[in-house]
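An overview of the molecular structure
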Amino acid sequence: MKQILITGGAGYIGSHTAVALVNAGFEPIIIDNFSNSNKNVLQGLEAILSKPVKYYEGDCNDRKMMEKIFKENDLQGVIHFAASKAVGESTQIPLTYYSNNINSLIILLETMKEFGVKDIVFSSSCTVYGQPDELPVKETTPRKDAESPYGNTKKICEDILTDHIKSGAEARVIALRYFNPIGAHPSSKIGELPLGVPANLVPFVTQTGAGIREKITVFGDDYNTPDGTCIRDYIHVMDLADAHVKSIEYLADKKNNFFDLFNVGTGNGNSVMEVIKAFEKVSGKPLNYEIGARRAGDIEKVWANTDKVSSVLGWSPKYGLEDALKDAWNWQLHLGKEKV
Ligand SMILES: NC(=O)c1ccc[n+]([C@@H]2O[C@H](COP(=O)([O-])OP(=O)(O)OC[C@H]3O[C@@H](n4cnc5c(N)ncnc54)[C@H](O)[C@@H]3O)[C@@H](O)[C@H]2O)c1
């Protein structure tokens, strides 16, 4: 079985990608320092897959640990999820974000070079587009100045990857620009585990539905959108996981020195109010919400043009917004009133 290293594999997207990789015949190997995840995820994975997933508890910035993993396994490629990802926090501790997100990529690329592992799929984000001048946003749409140190780390990491390829490196790279991943594995055995107060809409919605939060504040209803609330492209995390499998498969027969990047979204935008209404429909629960002021740094509207990912990688989403919200709600019911 072809082994794929998943950095940050105990995290939200990484754990779902581990399932998708096994289903496609790969063996995932996880490294995670559990700075933003819980070891219970490994039990959830074992329950879904009926076998344990090999993992290393360690930090991607620890070169010795990375070398040990590359030595002990016969890796075909790497999917690099490990990063610090809270936009707000990144404005308070930018150096931690630059250090973690950028150093880990550099050490990873150097270790890959040392061990002759060529293929890497990198977690980028639609945040690199800022508020794009055209919608739906294409991969060729110019990137904007980052709104946060977190967003800047994604831009810088994309640049590091392109410079690495331009230098003639024997590497094959895909950067995936995720839109807004939501939902959980349909088994409800793994899902999103935000630590503390969720910064993202859907965990806040499900926690409010479960009575963990008293109410949800909608940040502004005076945007230039049909109902005045912000619009995002919400993608089911299992669809996003599949895009990684497609990417790893696609890289396998490419020549050295290959780089490409893809939007991964549904191609549809939904407003905050549409998400709330869809949640009420799938859960059968009225949601306690209030309209509040705009939140600094929020983009008004963004959704993906998915022509490239569908024509080149042959990927398209299987799930819709209601499916994703249903899975997110079932996951919340599984967690109960537990605050993570
Ligand atoms: N979730 C989103 O909305 C979203 C959107 C766009 C891009 N991304 C990117 O996708 C990737 C995965 O996101 P996620 O939502 O799964 O986040 P997550 O926090 O759930 O997962 C990241 C995992 O990486 C681990 N980690 C962090 N730094 C590490 C290090 N130095 N060494 C080892 N492990 C480390 C954390 O413990 C965590 O388990 C991140 O790079 C993130 O920036 C996420």
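Scoring rules and cut-offs
Residues numbered from 1 in each chain as written. Predicted model: local features only at pLDDT ≥ 70, side-chain atom pairs only at ≥ 80, totals over all residues. Helix = DSSP H or I, 4+ residues; strand = E, 2+ residues; numbered from the N terminus. Rg over C-alpha atoms; globule rule 2.2 N^0.38 Å. Buried ≥ 20, exposed ≤ 12 C-beta atoms within 10 Å, placed from the backbone. Contact = placed C-beta atoms within 7 Å. Near = placed C-beta within 6 Å. Nonpolar A, V, L, I, M, F, W, Y, C, P; charged D, E, K, R; others polar. Domains from an automatic or database assignment. Pairing = 2+ DSSP bridges. Axes fitted to C-alpha atoms, helices over the stretch in contact; angles between N-to-C directions.

Before going further, it helps to spend a moment on the overall build of the protein chain. A count of helical and extended segments in the protein chain gives 11 helices and 13 strands. Compactness check: the protein chain gives a C-alpha radius of gyration of 19 Å against a globular reference of 20 Å for 340 residues, within 12% of the reference. In terms of principal-axis extent, the alpha carbons of the protein chain reach across some 55 × 45 × 40 Å. Burial statistics for the protein chain: of 340 residues in total, 49% are counted as buried. Residue pairs at least 24 apart in sequence account for 81% of intrachain contacts in the protein chain once pairs closer than 6 positions are excluded.

By nearness alone, 28 residues border the ligand, and Gly8, Gly11, Ser37, Ala83 and Ser123 come closest of all. Elements supplying a minimum of two residues to the shell around the ligand: helix H1 (12-23), strand E2 (26-32), helix H5 (94-115), strand E5 (119-125) and strand E7 (180-182). A total of three residues in the shell around the ligand trace back to one element, the largest contributor, which is H1. Taken together, the residues of the shell around the ligand sort by class into 11 nonpolar, 14 polar and three charged.

All right, on to the domain arrangement of the protein chain then. Parsing the protein chain into structural domains produces domain 1 (2-183 + 235-266) and domain 2 (201-231 + 268-304 + 319-335). Its C-alpha centre places domain 1 at a distance of 26 Å from the equivalent point of domain 2. Across the boundary between the two partners, domain 1 contributes 20 residues, which contact 14 residues of domain 2. Considering only residue class, the side of domain 1 that touches domain 2 consists of 10 nonpolar, eight polar and two charged.

Attention now moves to the sheet that holds strand E1 (residues 2-7). Across the sheet, seven strands lie side by side as E3-E2-E1-E4-E5-E6-E11; this open sheet has parallel pairing. Two strands close off the open sheet at either side, each with one partner strand: strand E3 (54-57) and strand E11 (258-264). With direction set aside, neighbouring strand axes in the sheet form an average angle of 20°. With four bridges joining them, E2 and E3 adopt parallel strand pairing. Opposite isoleucine 29, over in E3, you have lysine 54 as the bridge partner. Where helix H6 (residues 149-166) meets the sheet, its contacts fall on E5, strand E6 (172-178) and E11, and the angle it forms with E5 comes to roughly 150°. Docked against the sheet, helix H8 (residues 237-251) engages E1, strand E4 (75-80), E5, E6 and E11, running at close to 160° with respect to E6.

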